[in-house]
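# Structural description and commentary
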Amino acid sequence: MQEFQLRVVPMSNNDFALELYQCAYKKAGAKKRPAAKRLGRLKGNALVLARHNIYQVLKANQYDPKTLSHKRQSPYILSEETGVNLAILFQTLQPLRKVDKILNITSGIKEMSNEESHYWFAKVNNGKRNPALRALRILLGE
């Protein structure tokens, strides 16, 4: 199983951003695991509008959503299924500003099956990133 980490990045005025990282596998014979790869960052209005999805991910990984604040220092460790789903959400919402598009995309990603979310995750992270993200935004944004 692949491991993901959700990290809280404190900002000014008790505000925060969330960053999602994909942890690398430890290679045989290596003493340390390679550094985690940052998949996306969510802040501001997009973070506020996607908070219900984030709360559900935290609950699915046995975390209390009330612990999500600018003071948190330790990362949340996420399962592969919830990490993949959150990765798609973060990468799709990152550049968006329109409230209705953000809401449509968050609800569409929440309704995805495990296989469908893994398909889009593979397309975005191992294939052609920009065309896959554009297709996902068009498919779910309407």
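Because the structure is a prediction, the values reported are computed rather than measured.

Turning our eyes to something else, we now look at the packing of aromatic side chains. Going through the model one piece at a time under the given rule, you end up with three aromatic pairs. With centroids separated by 6.0 Å and ring planes inclined at 75 degrees, the aromatic side chains of F4 and F121 adopt a geometry described as edge-to-face. Note that F4 is positioned in strand β1 (residues 4-10) and F121 in helix α5 (residues 114-126), a separation of 117 residues in sequence. As far as the burial class goes, F4 and F121 line up, both buried.

Where helix α3 (residues 80-93) meets helix α4 (residues 99-110), the closest approach of the two axes is 10 Å, and the angle between their N-to-C directions is 165 degrees. With respect to their mutual orientation, α3 and α4 come out roughly antiparallel. With respect to the hand of their crossing, α3 and α4 are arranged in right-handed fashion. In this structure, α3 contributes N85, I88, L89, T92 and L93 to the contact, and α4 contributes I102, I105, T106 and I109. Broken down by class, the residue content of the contact of α3 with α4 amounts to six nonpolar, three polar and no charged.

Once that is clear, we can look at the nonpolar core. Ranked by size, the top nonpolar core spans 34 residues in total, and within it L6, L18, L20, I54 and L86 carry the most contacts. Ranked by residues supplied to this core, first place goes to α3 with seven residues. Here L18 is in contact with L6, R7, V8, G40, R41, L42, L47, I54, L68 and F90, once residues within four sequence places are set aside.

The subject of this paragraph is the sheet that holds strand β4 (residues 76-78). An order of β3-β2-β1-β4 is seen for the four strands of this open sheet, with the pairing classed as antiparallel. Edge strands, defined here as strands with exactly one partner in the open sheet, are β3 (37-42) and β4. Sheet twist, expressed as the mean angle between neighbouring strand axes with direction ignored, is 25 degrees. As defined by bridge partners, β1 adjoins β4 across three bridges and the pair is classed as antiparallel. For F4, the partnering residue across the bridge sits in β4 and is L78.

This next bit is on the pairing of strand β2 (residues 16-22). Along β2, seven of the seven residues are buried, which leaves the element largely enclosed by surrounding structure. Both faces of β2 are covered, namely the face carrying F16, L18, L20 and Q22 and the face carrying A17, E19 and Y21. Relative to β2, β1 runs antiparallel, the two being bridged by seven bridges. Residue F4 lies in a different strand from β2, and its bridge partner there is Q22. From the end of β1 to the start of β2, which pair antiparallel, there are five residues, and N13 there has a positive phi angle of about 55 degrees. Of the strand pairs in this sheet, β2 and β3 are connected by five bridges, and their pairing is antiparallel. What sits directly across from Y21, in β3, is R38.

To continue, consider helix α6 (residues 129-141). In this model, α6 (13 residues) spans 17 Å end to end at C-alpha, consistent with the 18 Å of a helix rising 1.5 Å per residue. For α6, the full list of buried residues reads A132, L133, L136, R137, L140 and G141. The buried residues of α6 occupy one face: seen down the axis, they fall within an arc of 140 degrees. In α6, the exposed positions that point more than 90 degrees away from the buried face belong to R134, I138 and L139. Where α6 is buried, its residues touch α3, α4 and α5.

Basis of the calculations
- Residues numbered from 1 in each chain as written.
- Predicted model: local features only at pLDDT ≥ 70, side-chain atom pairs only at ≥ 80, totals over all residues.
- Heavy atoms only, no water.
- Phe/Tyr/Trp six-rings, centres within 6.5 Å; stacked < 30°, edge-to-face > 60°.
- Helix = DSSP H or I, 4+ residues; strand = E, 2+ residues; numbered from the N terminus.
- Buried < 20%, exposed > 50% of the residue type's maximum accessible area, 1.4 Å probe, protein only.
- Axes fitted to C-alpha atoms, helices over the stretch in contact; angles between N-to-C directions.
- Parallel < 35°, antiparallel > 145°, perpendicular 65-115°, else oblique.
- Left-handed = near helix turned anticlockwise from the far one by under 90°.
- Contact = heavy atoms within 4.5 Å.
- Nonpolar A, V, L, I, M, F, W, Y, C, P; charged D, E, K, R; others polar.
- Core = buried A, V, L, I, M, F, W, Y, C linked by side-chain atoms within 4.5 Å.
- Pairing = 2+ DSSP bridges.
- Expected span 1.5 Å × (residues − 1).
- Arc of directions from axis to C-beta.

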